[in-house]
Amino acid sequence: MPLRKLKEETADSLTLQWVLHVQNYKLTLDKNRCVGCQICTLACPKEAITLQKQPRTSGQKARKAKADVDLSKCNFCGICDIACPYGAIKVSLNGKHALPVLEKESFPEFIRDIRVDESKVNAECLNVSDPCPLGLITIKSDAASAAVKVEVDKEHCPCCTLCEVKLPGVMHVRKMFSGRINIQTEKCPENCTDCLDVCPIRGALCISETDKKVRSNEAFCVYCGACKVVCPIDEALELKRTHISHMPIHSGAWNKTLERLTSPVEMTKELKTKGSTRARESVKKRVGLKVD
Amino acid sequence: MPRKPVQKKAMSSQRKTRKQHKGPRIGVFICQCGTKISSVINVDELTEYAKKLPNVVYAENMNYPCSSQGQDEIVASIKKNKLDRVVVAGCSPRLYEPTFQRCVSKANLNPWLFEMANIREFSSYCHKAKPEEATQKAKDTVRMSVAKARLLEPLSPVELPVTKNVMVVGGGIAGISAALDLADMGFKVYMVEKTETIGGYMALLDKTFPTLDCSICIEGPKMVDVGRHPNIEIISYADIMKVDGYVGNFRARIRKNPRYVIAEKCTGCGECRDACPIEYPNYADMNLGVRKAISPPFGQAVPLTHTINRDYCIECYKCIDACGARQAINFDQKPEEVEVDVGAIIVSIGYDMYNPQDLEWTGYGKYLNVFTALEFERLILAAGPTGGKVVRASDGQKPHSVAFVQCVGSRDINKYEYCSSFCCMYTLKHAVMLKEKYRDAIDVYVFYNDMRSNFKGYEEFFNRAQKNGVKFIRVKLEDRRITEDPATGNLTVSAETEDGRPVSAQVEMAVLANAAIPHHTAHELAEILKIPLNKDGFFVECQPKIRPTDTEVPGIFLAGACQGLKDIPYSVAHGSAAAAQAAAVLNRGTWVVEPLVAKVNEDLCSGCRICESACGYNAISVAKVGDKDLAKVVEGLCRGCGICSSACPMDAITMPNYSDKQIVAQVQAAVEKVEKA
């Protein structure tokens, strides 16, 4: 009998469901957290997620691209949930957060290496305004003991490391994604700030005082690619991911995701370190790449 | 291509027709058929008339020439009067021509020197009120037959070799029963199954009526027997692409769809399934439950070869790791085509269940607690998605009242006019199971119109349901409605009794007895095999009473619900019947075809191919013989319709005993001026 598949969209969220008799598979996309980056579209093994550029109303800032999930392709595997740097997608089974691909080691957990050095936390921290561009850090003093506490919402953190600057010594963050970003300003259209408009990380992109063009700052960039999606000129903005910090794994699904998120070269490099000879040979056959 | 038929002079022992300078000696035997002919037609007058016809040397009327006594009389008369042509005026040649052909050959006369005149269906039956005219018409008919008989020529039958293999299409219980019977008789059986496993619907049921046996417990061993039988080869997850040939010499091309698992290497251990992270809705659970992206549809599947559903697989290759040294998984597997040569084909493709979503009054698909019967079956099944707990979809709670609604889609002239035949019984089964499990904790209502509990042990089962306190409410099939209280998910089933009073019941769950409908591949297979479907879409048997397993195509037989809906015991019996029919073909060694097939005169044939396009059975084709293009007839396929013969511009094709000369003689006899009787 026909499977009940549901798709609902509100201003704040997009929800997909398979309603079976005793199982309820659900994918929720939090539109407020989604920045319209490329990561989920590249990570999805079924190519079920697409991005749609949003038309700009004249005189307004550029709008972030809108993600859409194809209900006929989605299989609720949860890879987008794991891969989203902003933690905007959640996949659940019967209301409980469920990621069988992690359990069965078909996909690695991404490492968000975020540590708070409690010994360095002091009352001065309370004076720091906006320690996190996404508002994931709360600093408060406990009324009873007067002790200052720094709390981080790690689940939604893309590891931009801005807090290391704002709270020196207190925050220790290692980037989840590494890579390179380069804006060839000579190719940028006059007065175009589209990339900056959509960048969720304050300080990752900024306008140069000299030529009023957007420059990148590798220090805080999380290499999510939200800027790349909206850039009107193909070659003006170069973005490359070279490494993704993740738990060790042997999985074909991960190899493919890694190849799409980085490049065949980076992927084969990783295969080499893991000694995955068979997988390396298949890459060699497919794209003619040899990494030794 | 099918094997070349060998034409033998089988009748060579028969004496050649005596050439007589006076022309043929014709005997006419007129049947009284009890009084079915003689009460209308003046048979004595007809006999006297026949005697006067040219070349008729003997005529008599007799009661039942078809009886053994009547046949003996004909044989004696042929010998006594030295007859060399025989005309029997009686009923339709469809019924008795073979009988009389055997009869004349007993008198050492070639069986094709016999002609039948139908004076029953064509005269006495249809002109009862006008006996004089009927007699006159009978005279005309006899005169025409005699005119043709004068020109009849002796013929020899065509013998075709028979391949002793058989293909069973569809592995439900009917196909299983046919396959096992044939395999036990020693024939090689190819069982072609579209889905991943044999077993059909029976493998999905919890219990069977009226005995409440566990369905898979009684079918499972049979499935295993099929899987292990040395004479049976299961070709599962496969489609039939093409079937060529004719009785005794069919060649089927079958496409095996890729499972991405190598059947020979897979042991069915299930380690890959345990390693797989992906789940998807299981059609075997009516989408109520899930299965892994690499899995069999259910545990007792035969073959147990797992299948990867690439629509859902994320290609993490964890299954390859789990499979390890067995190396049974191959993501590069491609569809594979195989050809099998078989002498006979049994079609047992079963049926589909109607999706009642488009019947708005049922609320199916809209209200969560409305189920179809097969969905309910999976709920009550211990190995089902809920572990045998009957629970509602809206809140996961056990219902305290259940209504069964009969005839959903069936017996509905706007949907399916026929009765689906087994719904009454499975509803009784479900009702009894609920009542005997939960006793007074559950109210069970059955909204029915007619309770069809014929056949052995079924009426008693109906009584058992009544004794168990199931409430039967007889209602009209029109104006039934199911409505939902959105707050609780509870349902109200309302209807009207036969005498026009409204009735309704508040229930927590409703189960629809939805129609069983022809299988979705029936049309395609009918095209491939060139066998007809009836208006509902079920295959048509050759004769509804006495040949319920034959099709119009010799060598192709029907088994189970694809011929007409049947429950399990009748599907099993029908399967065995089809097996016996197929064995009768396979056992012969050779298949004799009537010699009434087209004959090509090679001197006249120009190879123009007009006959090729005219033939509806692909029985005639043009090929190079030496340096000349010549039409050639495949005798096994030719039905003797004569279209090629009339289409041929060179007059190169003749139909034996339907030659132009013979037909013209008959027509002339028909229009000849005759004296009024």
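Residues numbered from 1 in each chain as written. Chains lettered and ligands numbered in written order. Predicted model: local features only at pLDDT ≥ 70, side-chain atom pairs only at ≥ 80, totals over all residues.

Enquirer: Is there a simple way to think about the overall build of chain B in this case?
Expert: Helix and strand content of chain B: 17 helices and 34 strands. Projected onto its principal axes, the C-alpha positions of chain B cover 95 × 70 × 40 Å. Across the 677 residues of chain B, 48% fall into the buried class. (Helix = DSSP H or I, 4+ residues; strand = E, 2+ residues; numbered from the N terminus. Buried ≥ 20, exposed ≤ 12 C-beta atoms within 10 Å, placed from the backbone.)

Enquirer: Any chance you could explain the overall build of chain A here in plain terms?
Expert: A count of helices and strands for chain A gives 9 helices and 15 strands. On C-alpha atoms alone, chain A measures out to a radius of gyration of 21 Å, which is about the 19 Å that the 2.2 N^0.38 rule sets for 292 residues. Its C-alpha atoms give chain A principal-axis dimensions of about 60 × 55 × 45 Å. Within chain A, contacts between residues at least 6 apart in sequence are counted, and of these 62% link residues at least 24 apart. (Rg over C-alpha atoms; globule rule 2.2 N^0.38 Å. Contact = placed C-beta atoms within 7 Å.)

Enquirer: Is there a simple way to think about the packing of helix α2 (residues 68-81) of chain B against helix α3 (residues 93-106) of chain B in this case?
Expert: Working note: a packed helix pair is described by the angle between its axes plus the distance between those axes. Residues and elements named next belong to chain B. With their axes 8 Å apart at the nearest point, α2 and α3 run at an angle of 40 degrees to one another. By the criterion of interaxial angle, the relationship of α2 to α3 is oblique. Taken as a pair, α2 and α3 cross one another with a handedness that is right-handed. Here α2 contributes Gln 71, Ile 74, Val 75 and Ile 78 to the contact with α3, which in turn contributes Cys 103, Val 104 and Lys 106. Class assignment for the residues of the contact of α2 with α3 results in 5 nonpolar, 1 polar and 1 charged. (Axes fitted to C-alpha atoms, helices over the stretch in contact; angles between N-to-C directions. Parallel < 35°, antiparallel > 145°, perpendicular 65-115°, else oblique. Left-handed = near helix turned anticlockwise from the far one by under 90°. Nonpolar A, V, L, I, M, F, W, Y, C, P; charged D, E, K, R; others polar.)

Enquirer: It is not clear to me how the interface of chain B and chain A should be interpreted in this structure. Could you clarify?
Expert: Counting residues at the interface gives 25 residues for chain B, matched by 23 residues for chain A. Class assignment of the residues belonging to the side of chain B that touches chain A gives a composition of 15 nonpolar, 7 polar and 3 charged.

Enquirer: Please clarify how helix α6 (residues 173-184) of chain B should be interpreted in this entry.
Expert: It helps to recall that an α-helix has 3.6 residues per turn; residues three or four apart then point in one direction. All names here are of chain B. The end-to-end C-alpha separation of α6 is 16 Å, in line with the 16 Å expected for 12 residues at 1.5 Å each. Of all 12 residues making up α6, 11 are buried, and the element is well covered by its neighbours. Those residues of α6 lying buried are Ile 173, Ala 174, Gly 175, Ile 176, Ser 177, Ala 178, Ala 179, Leu 180, Asp 181, Leu 182 and Ala 183. Buried residues in α6 make contact with β6 (165-169), β7 (188-192), α7 (215-228), β10 (232-235), β18 (344-347) and α14 (568-586). (Expected span 1.5 Å × (residues − 1).)

Enquirer: Can you walk me through the environment of B:Val146 in this structure?
Expert: Residues and elements named next belong to chain B. Mapped onto the elements of the fold, Val 146 is located in helix α5 (residues 131-150). Note: C-alpha distance between Val 146 and Ile 26 (120 residues apart in sequence) is 7.6 Å. When residues no more than four places from it in sequence are discounted, the contact partners of Val 146 are Ile 26, Val 28, Leu 53, Val 56 and Val 87.

Enquirer: Help me understand unusual backbone geometry in this model?
Expert: Residue and element names in this part refer to chain B. Omega for the bond connecting Phe 209 with Pro 210 falls within 30 degrees of zero, at -5 degrees, which places this linkage in the cis form. You can see Pro 210 is positioned in the loop between β8 (207-208) and β9 (213-214). Put simply, Val 302 and Pro 303 share a cis peptide bond, and its omega is 0 degrees. One non-glycine residue with positive phi stands out, namely Cys 407, at about 50 degrees. With respect to the helices and strands, the residue Cys 407 is situated in strand β21 (residues 401-408).

Enquirer: Before we go on, may I ask you to explain the domain arrangement of chain A in this structure?
Expert: All names here are of chain A. The assigned domain composition of chain A is domain 1 (4-103), domain 2 (113-174), domain 3 (177-243) and domain 4 (248-287). Each of domain 1 and domain 4 was reduced to a C-alpha centroid, and the two centroids are 26 Å apart. With 6 residues of domain 1 at the contact, the number on the domain 4 side is 5 residues. Where the side of domain 1 that touches domain 4 is concerned, the elements lending two or more residues are α1 (39-43) and α2 (79-83). Looking at the side of domain 1 that touches domain 4 residue by residue, the classes come out as 6 nonpolar, no polar and no charged. (Domains from an automatic or database assignment.)

Enquirer: Would you mind showing me how to read the nonpolar core here?
Expert: Soluble globular proteins tend to bury their nonpolar side chains together. All names here are of chain B. Counting 248 residues, the largest nonpolar core has Val 166, Ala 179, Met 191, Ile 346 and Ala 510 as its most contacted members. At 9 residues, the largest contribution of residues to this core is made by helix α11 (residues 423-438). Discounting residues that sit within four places of it in the chain, Ile 346 has contacts with Val 166, Val 168, Val 169, Gly 175, Ala 178, Phe 557, Ala 559, Ala 578 and Ala 582. (Core = buried A, V, L, I, M, F, W, Y, C linked by C-beta atoms within 7 Å.)

Enquirer: What's the story with the pairing of strand β23 (residues 471-474) of chain B in this structure? I'm lost.
Expert: Side-chain positions along a regular strand alternate between the two faces of the sheet. Residues and elements named next belong to chain B. Pairing analysis gives 4 bridges linking strand β22 (residues 443-448) to β23, with the strands arranged parallel. Paired with Tyr 448 across the bridge in β23 is Arg 474. Considered for its hand, the β-α-β crossover made up of β22, helix α12 (residues 458-467) and β23 is right-handed. (Pairing = 2+ DSSP bridges. Right-handed = clockwise from strand over helix to strand, strands pointing away.)

Enquirer: Explain the sheet that holds strand β7 (residues 96-97) of chain A here, please?
Expert: Sheets are built from strands that pair by backbone hydrogen bonding, the pairs being arranged parallel or antiparallel. Across the sheet, which stays open at both edges, the 5 strands sit in the order β1-β2-β3-β6-β7 (chain A) with antiparallel pairing between neighbours. Two strands close off the open sheet at either side, each with one partner strand: β1 (4-9) and β7 of chain A.

Enquirer: So what exactly am I meant to see when it comes to the packing of helix α7 (residues 252-261) of chain A against helix α8 (residues 264-274) of chain A here?
Expert: Residue and element names in this part refer to chain A. Interaxial distance between α7 and α8 falls to 7 Å at its minimum, and their mutual angle equals 140 degrees. Classified by the angle their axes make, α7 and α8 are oblique. Crossing of α7 against α8: the hand is right-handed. Contact residues: α7 offers Asn 255, Leu 258 and Glu 259, while α8 offers Pro 264, Met 267, Glu 270 and Leu 271.

Enquirer: It is not clear to me how the sheet that holds strand β24 (residues 481-484) of chain B should be interpreted in this structure. Could you clarify?
Expert: All names here are of chain B. On the basis of which strands lie adjacent, the open sheet formed by 3 strands has the order β24-β25-β26 and antiparallel pairing. The open sheet has two edge strands with one neighbour each: β24 and β26 (502-507). With direction set aside, neighbouring strand axes in the sheet form an average angle of 20 degrees. Alignment of β24 against strand β25 (residues 491-496), held across 4 bridges, turns out to be antiparallel. Each residue of the ladder has a partner; that of Glu 484, found in β25, is Leu 491.

Enquirer: How should I be thinking about the confidence of the model for chain B in this particular structure?
Expert: Parts of the model with low pLDDT should not have their predicted coordinates read in detail. For chain B, the average pLDDT comes to 92, and 96% of its residues sit at 70 or higher. Ignoring residues within four places in sequence, the model shows residues 6-21 of chain B, a span with pLDDT below 50, making 20 contacts including any to other chains. (pLDDT = per-residue confidence, 0-100.)

Enquirer: Can you walk me through the domain arrangement of chain B in this structure?
Expert: A common way to express how large an interface is: the accessible area buried when the components associate. Partitioning chain B into structural domains gives domain 1 (10-157), domain 2 (163-257 + 335-350 + 532-588), domain 3 (259-333), domain 4 (354-517) and domain 5 (597-655). Using only C-alpha atoms to locate each centre, domain 1 of chain B and domain 5 of chain B end up separated by 32 Å.

Enquirer: It is not clear to me how the environment of B:Asp412 should be interpreted in this structure. Could you clarify?
Expert: Position of B:Asp412 among the secondary structure elements: in the loop between β21 and α11. Separated by 103 residues in sequence, B:Asp412 and B:Ala515 place their C-alpha atoms 9.7 Å apart.

Enquirer: Even after reading the chapter, I still don't get the pairing of β22(B), so can you show me in this structure?
Expert: All names here are of chain B. β22 sits mainly inside the fold: 6 of its 6 residues count as buried. Residues of β22 alternate between two faces, with Asp 443, Tyr 445 and Phe 447 on one and Val 444, Val 446 and Tyr 448 on the opposite face, all of them buried. Examined bridge by bridge, β21 and β22 share 5 bridges and lie parallel to one another. Looking at the pairing, Ala 403 lines up with Tyr 445 of β22. Each parallel crossover has a hand, and the one from β21 via α11 to β22 is right-handed.

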